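Close look at the chain arrangement
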Amino acid sequence: MNKRLSKPSSATLLALLAGIHLSALPLYANMPVVILLLISLLTLWQVFIIKRQQENPGRTLQITIIVAAFLSLLFSYGQLFGQQPGIALVILMTLLKLFETRGARDGYTIIYSSFFITASNFFHSQSVWLVVYVFFVIAFLLASLIALSDRLNTVSTKTRYRMASRFTILALPFMLILFVLFPRIPGPLWGLPDDAFAGQSGLSETMSPGSINRLISSSAIAFRVKFHGDIPEHNQRYWRGAVLSIYDGKTWSRRDVPLTEPPNIQYQDTKARSFRYSVTLQPTNMNWLLALEYPESYGAQYTLNHEAMLLTENKQSNVISYTVTSQTTAVNRALLEQEQYKNRLLPLNHNPQTMALSDQLLRLSKYNREDYIREVLSYFRNNHFVYTLNPDLLGDNAVDDFLFNSRRGFCEHYASAFTYLMRAAGLPARVVIGYQGGEMNPLDDYMIVRQSDAHAWAEVWINDRWQRFDPTAVVSPDRIEQGIQDAGLEQDRLPLLLVSNSHFIKSMSFLYDSFQNSWNQWVIGFDQKKQNDFLKFLGFENTGTANLILLLVILLTLTGVAISWLILRQTIVERDPVQHYYNIFCSRIGRLGLPRHLNEGPVDYEKRINRELNLAQQTRNDLGFIFKAYRALHYRNQSNSDLLKLYIKKIKAFK
Amino acid sequence: MDKADLQQLTTSAERLNTAIQTIGQVILGKDRQIKLALSCLLAKGHCLIEDQPGVGKTTLAHTMAQVMGLEFQRIQFTSDLLPADVLGVSVFNRESSQFEFHPGPIFSPFILADEINRATPKTQSALLEAMEEYQVTVEGETRELPDPFFVIATQNPQHQIGTYPLPESQLDRFLMRIDLGYPDKTAERQLLEGENRRNIIKKLQPVFDKALLRQLQQQVTALHVAPAILDYVQSILEFSRQSGAFEFGLSPRGGLALINAARAWALIDDEKYVLPEHIQAILPAVVNHRLPVHLEAGSKQTVTAAQHIMESVGIS
């Protein structure tokens, strides 16, 4: 057999296998069981082949496995295209490549594929931990690459890993330059397929019983807010998200409001309560942002629609930052005459008991709108409603079921029932979902709003304006005044972080979150604007894409030259540190006016220095030691690491 | 120097320096040349002295032999000298009816081959081959020469008529060429004032014996030469071959000569390893006779090959 085509050694093959798994490890969390099974099966088989030095399976068997792989992909994802099936396909194919590995060339293919798989981890997460992990994976893959190229086996394992780590570290400057200078395209860098964030939790655009409830156990951060100035009270922290005005008897959902319909918000000039703040929003995959009532000024790329929702052009698949000024005292008067009915629509022949209750309460309030609302709220207050995370399952007439049978519900139940009662009485009303609350991070002076702060409330058109009503506040005032952790809910359903009394856990979590926040602000949120600002800060005014690329190329070249020089120099130092430091020493003496002649040996040079330079006794002693050590180290047949250390130390100290 | 004193000299270096001093009592003001000659002996090389008559070539050889405790033989080369006169002859002994070998003067450990250029090339090469091989073959029988075996050959550079100066290729066989030169004023005065050199030589106590000398020669071979020194020697060889300053460069034997001579010099200097200075110290003696300077027409070449090399080859 041709020598070049000889199969890599068992150790190398195992390293290749380990490399694939290391690079794909974080991805396994989101993978269907069938694929995971297939991967483990192939891995075990491959280990068997390597350990027993078996031959690779034949063509037919290989094709069978490939077909099996495609079938299981189709079975798991329903398709072969899209991001997640794509990544799974690459992982499977890379694993299969091992089964037909005949030479070093196949090994290279596997390692390069592993690099690709490693990069694909960032589809799912951009956390700092993943970045740290990826560094280790890259070092490992580089070490495998070295092992693969080192066919004569001249490098020890330790040296190999040391080399790989060094290469990884040497790549850091390039990484930083590319990170800072690579031209940013507004929006995600590459077109992410629609399923890119399928696995993420957060508010959705619809609300049905249980949709907010499921978020409560998540301590994940929804967004962080940095207030520039005053901070609103806890019960004023209504982070308005989506307005839901269509109800089908079970689910509230958004109405398509054309952007041509303008918002109609009256801002007050005097005595206005304004808050200015910057929000760093985790990816929501929605096109609306969260803001306090009602945004007055915001970035030009955002629009405030008719329903006073702050909209973005695209769905938010990245962490984004935006700054808003909100006036909590502003009044929303946006309801056109012709669309009033749309906010009064209810499904036909549903919830008869609720309709009857509505009639009864209307009569009680003598058909006065405000009195009616008051009656409804006191109905919630006085009829033993329970605010709970474990509501009962509701039947077809969900509102009836809730109001008259179970009376146990979470905020979405109350918001839904309240809005229903309003519409039943002919009042335009709608549900608003968003977040209520937020906790200040004492360490870093910003507010954290978690998924567990998700909330739903109602807005009613009364006195020619939309007014916010929160029936949950009636049932559980502490929820609104204090926050979810004090609402008297079942503690075991809440995230540990919220219910913990341990000061230590809390401060650690705040500390961690400060760090996470900076990471989001400066790494993930480093968009075109931040890039421009940063470059301006550095003194580059003209930051067009062409200039950026020019700067990028120049800096990369300079860094490349600098690093090459460093490597060369280091090799010289490593090859002969004694001579290297002797040269440094000689050049130092050269600065005193007595450079070493090129053909001058150490003995002659020492004599000449002592003869011609008038040095202090201490210096003379040091000089004598250095020359003696140099002669012993450079011309003697033994290496003495202690002497070498002392020698280098003395030379470094020699002035 | 008494025997008791000599016993006390423990290290080789001390003994060697005592030897140099002792020789220096006879050859005044030529310590450097004595040291070179001694290095040459220690490095198992042979020495060529090319100088005016009467500067003390014979005296040096004689004194050295005496101090080193070696039997001294002098061979005066003349144009009618035959190889057999140097190597020895087999003579038929009538009584035992056998040929008996009568060893020539070459079977002495210390030989002064005086005015070697007066002999015919045939005789010269008999000596040179013996120097190289440490053995002589006479009438088909190979005989070992004594160990140690050291030759000091002299060559008179003037009155070249009717002589056969050694060709360059033969010069290579001498480890060193030492120039004695005239003594300086003080030394000459001392010389003029002092008693007959021959008488002093007779009174000298040997500092070494053969066994000790062999031991020293082994020490020289074992002395450490660092890669840095080999680098330096290689640069010298390369320079001698490629600079164009010389008609032809140093041979590999020249490189070995440099290292061995430097080792011997280092031993005398009481160093455990060779330093670049040692190479430089023996450089003129080792390379000057091996590198004929390429004389350009009209140029007044005053720089020797060694000086040229020293100035041009750097120590890294």
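These numbers come from a predicted model, not from an experiment.

A word on the overall build of chain B
Secondary structure summary: chain B contains 14 helices and nine strands in total. Relative to its 316 residues, chain B shows a buried fraction of 52%. Look at the contacts in chain B between residues 6 or more apart in sequence, and 76% of them connect residues 24 or more apart.

Considering the overall build of chain A
Within chain A, the regular secondary structure consists of 21 helices and 19 strands. Here chain A holds 655 residues, and the buried ones make up 47% of them. When contacts within chain A are restricted to residue pairs at least 6 apart in sequence, those whose partners lie at least 24 apart make up 73%. Taken as a whole, chain A presents about 32800 Å² of accessible surface, with 58% of it coming from carbon and sulfur.

Some thoughts on the nonpolar core
By size, the foremost hydrophobic cluster in this structure holds 102 residues, and its most contacted members are Tyr647 of chain A together with Met176 of chain B. Per-element tally for this core: the top contributor is helix 12 (residues 252–268) of chain B, with 10 residues. Both of domain 1 (3–211) and domain 2 (223–312) of chain B provide at least three residues apiece to this core. Sequence-distant contacts of Tyr647 of chain A, defined by excluding residues within four places in its chain, comprise Val578, Tyr581, Tyr582, Phe625, Ile626, Ala629, Tyr630 and Leu633 of chain A. Ile216, Leu335, Phe402 and Ala424 of chain A belong to the second-largest nonpolar core, a separate cluster that totals 86 residues.

Some points on the packing of aromatic side chains
Residues and elements named next belong to chain A. With the rule as written, the count across this model stands at 34 aromatic pairs over all chains. Judged by centre distance (5.9 Å) and plane angle (80°), the rings of Tyr247 and Tyr420 are edge-to-face. Residue Tyr247 is found in strand 4 (residues 246–247), and its partner Tyr420 is found in helix 11 (residues 411–424); the two are separated by 173 residues along the sequence. Per residue, the accessibility class of Tyr247 equals that of Tyr420, and both read buried. When the centroid spacing of 3.5 Å and the interplanar angle of 5° are considered together, the rings of Tyr582 and Tyr630 count as stacked. Of this pair, Tyr582 sits in helix 18 (residues 577–591) while Tyr630 sits in helix 20 (residues 617–635); the two residues are 48 residues apart in sequence, bridging distant segments of the chain. Judged by its relative accessible area of 1%, Tyr582 falls in the buried class. You can call Tyr630 buried: its relative accessible area is 1%. Feature note: the residues Tyr582, Phe585, Tyr605, Phe627, Tyr630 and Tyr635 constitute an aromatic cluster, connected by ring pairs. If you follow Arg407 out to its NZ or CZ, it ends over the ring of Phe385, 5.7 Å from the centre. Over the ring of Phe625 we find Lys650; its NZ or CZ atom is 5.4 Å from the centre of that ring.

Concerning the interface of chain B and chain A
The interface of chain B with chain A comprises 17 residues on the first partner and 17 residues on the second. Roughly 1300 Å² of surface becomes buried between chain B and chain A when both sides are summed, with 57% attributable to carbon and sulfur atoms. Counting the surface chain B buries against chain A, the share from its top three residues, Tyr273, Glu277 and Ile315 of chain B, is 39%. Remark: the boundary between chain B and chain A carries zero salt bridges. At the boundary of chain B and chain A, one finds six residue pairs in polar contact (both at pLDDT 80 or more). Mapped by element, the contributors of at least two residues to the side of chain B that touches chain A are helix 11 (227–242), helix 13 (276–287) and helix 14 (305–312) of chain B. Looking at which element gives the most residues to the side of chain B that touches chain A, the answer is helix 13 of chain B, with three residues.

Examining the pattern of salt bridges
When the charged atoms of two side chains lie near each other, side chains of opposite charge can form a pair. If you walk through the whole model with that rule in mind, you get 22 salt bridges over all chains. Notably, a salt bridge pairs Glu459 of chain A with Arg240 of chain A, separated by 2.9 Å at the nearest N-O pair. Of this pair, Glu459 of chain A sits in strand 18 (residues 454–462) while Arg240 of chain A sits in strand 3 (residues 238–244), placing them 219 residues apart in sequence. Of the charged contacts in the structure, one is a salt bridge between Glu141 of chain B and Arg143 of chain B, with a shortest N-O distance of 3.3 Å. Taking relative accessible area as the criterion, Glu141 of chain B reaches 44% and is therefore assigned partly exposed. Where salt bridges share partners, they join Glu132, Asp172, Arg253 and Arg290 of chain B into one cluster.

Focus: a nonpolar patch on the surface
Residue and element names in this part refer to chain A. A cluster of nonpolar side chains, contributed by Trp129, Val132, Phe136, Tyr512 and Phe515, occupies part of the molecular surface with about 540 Å² of accessible area. A total of three residues in the nonpolar patch trace back to one element, the largest contributor, which is helix 6 (residues 128–149). Looking at where Phe515 falls in the secondary structure, it is placed in helix 15 (residues 503–524).

Comments concerning the sheet that holds strand 8 (residues 150–155) of chain B
Residues and elements named next belong to chain B. Judged by pairing direction, the sheet is parallel, and its five strands sit side by side in the order 2-5-8-1-9 without closing on themselves. Bordering the open sheet on either side are strand 2 (72–76) and strand 9 (176–178), each of which pairs with just one other strand. Within the sheet, the average angular offset between the axes of one strand and its neighbour, ignoring direction, is 20°. Alignment of strand 2 against strand 5 (residues 110–114), held across five bridges, turns out to be parallel. Paired with Gln73 across the strands is Ile111, a residue of strand 5.

Comments concerning the packing of helix 13 of chain B against helix 14 of chain B
Residue and element names in this part refer to chain B. At a minimum axis distance of 8 Å, the contact between helix 13 and helix 14 shows a crossing angle of 140°. It follows from the interaxial angle that helix 13 and helix 14 lie oblique. Relative to helix 14, helix 13 is oriented so that their crossing is right-handed. Seen from helix 13, the contacting residues are Gln280, Leu283, Pro284 and Val287; seen from helix 14, they are Ala306, Ile309 and Met310.

Some thoughts on the pairing of strand 2 (residues 221–227) of chain A
Residues and elements named next belong to chain A. The buried count for strand 2 comes to six of seven residues, which makes it a mostly enclosed element. As paired elements, strand 2 and strand 7 (residues 274–281) share five bridges and run antiparallel to each other. If you follow Lys226 over to strand 7, its bridge partner there is Ser278.

Some details on the confidence of the model for chain B
Residue and element names in this part refer to chain B. Averaged over chain B, the pLDDT score is 85; the fraction of residues at 70 or greater is 93%. Of all helices and strands in chain B, the one with the weakest mean pLDDT is helix 1 (residues 3–8) (54), whereas helix 12 scores best (93). Predicted complex, confidence summary: ipTM 0.83, pTM 0.52.

Re the environment of Leu281 of chain A
Residues and elements named next belong to chain A. The residue Leu281 is located in strand 7 in this model. On the basis of relative accessible area, Leu281 is assigned to the buried category, the value being 1%. Separated by 59 residues in the primary sequence, Leu281 and Ala222 place their C-alpha atoms 6.5 Å from one another. Ignoring anything within four residues of it in the chain, the contact list for Leu281 reads Ala222, Phe223, Leu289, Leu290, Asn318, Val319, Ile320 and Tyr322.

Re unusual backbone geometry
For the bond running from Asp147 of chain B to Pro148 of chain B, omega is 0°, close enough to zero to count as cis. The topology assignment puts Pro148 of chain B in the loop between strand 7 (141–144) and strand 8. Notably, Gln53 of chain A is not glycine yet its phi reads approximately 55°, a positive angle. Relative to the helices and strands, Gln53 of chain A is located in the loop between helix 2 (33–51) and helix 3 (59–77). For Gln53 of chain A, a relative accessible area of 61% corresponds to the exposed category. Phi at Asp270 of chain B takes a positive value of approximately 60°, unusual for a residue other than glycine. Among the secondary structure elements, Asp270 of chain B is positioned in the loop between helix 12 and helix 13.

Focus: the sheet that holds strand 5 (residues 252–253) of chain A
Strand order in the open sheet made by the three strands is 1-5-4 (chain A), with antiparallel pairing throughout. Both outer strands of the open sheet, strand 1 (206–207) and strand 4 of chain A, are each paired with one neighbouring strand and no more.

Re the side chain of Thr123 of chain B
Mapped onto the secondary structure, Thr123 of chain B falls in helix 6 (residues 121–133). If sequence neighbours within four positions are ignored, Thr123 of chain B has contacts with Phe77, Leu81, Leu82, Pro83 and Val86 of chain B.

A short note on the state of the cysteines
Residues and elements named next belong to chain B. With the rule as written, the count across this model stands at zero disulfides over all chains. The thiol of Cys47 is not disulfide-bonded; the next cysteine sulfur, from Cys40, is found 4.6 Å away. A residue is classified by how much of its surface remains accessible, and Cys47, at 0% relative accessible area, is buried.

A few points about the side chain of Thr18 of chain B
By the element assignment, Thr18 of chain B lies in helix 2 (residues 12–26). The class for Thr18 of chain B is buried, based on a relative accessible area of 8%.

The rules behind each value
- Residues numbered from 1 in each chain as written.
- Chains lettered and ligands numbered in written order.
- Predicted model: local features only at pLDDT ≥ 70, side-chain atom pairs only at ≥ 80, totals over all residues.
- Heavy atoms only, no water.
- Helix = DSSP H or I, 4+ residues; strand = E, 2+ residues; numbered from the N terminus.
- Buried < 20%, exposed > 50% of the residue type's maximum accessible area, 1.4 Å probe, protein only.
- Contact = heavy atoms within 4.5 Å.
- Areas by Shrake-Rupley, 256 points an atom, 1.4 Å probe, with all protein chains shown as cover.
- Core = buried A, V, L, I, M, F, W, Y, C linked by side-chain atoms within 4.5 Å.
- Domains from an automatic or database assignment.
- Phe/Tyr/Trp six-rings, centres within 6.5 Å; stacked < 30°, edge-to-face > 60°.
- Lys NZ or Arg CZ within 6 Å of the ring centre and 35° of its normal.
- Buried area = accessible area lost by both parts, 1.4 Å probe.
- Salt bridge = Lys/Arg side-chain N within 4 Å of Asp/Glu carboxyl O.
- Polar contact = N/O pair within 3.5 Å; in protein donor to acceptor, adjacent residues only side chain to side chain.
- Patch = residues over 30% accessible without salt bridge, like charges linked within 9 Å, V, L, I, M, F, W, Y side chains within 5 Å.
- Pairing = 2+ DSSP bridges.
- Axes fitted to C-alpha atoms, helices over the stretch in contact; angles between N-to-C directions.
- Parallel < 35°, antiparallel > 145°, perpendicular 65-115°, else oblique.
- Left-handed = near helix turned anticlockwise from the far one by under 90°.
- pLDDT = per-residue confidence, 0-100.
- Disulfide = S-S within 2.5 Å.

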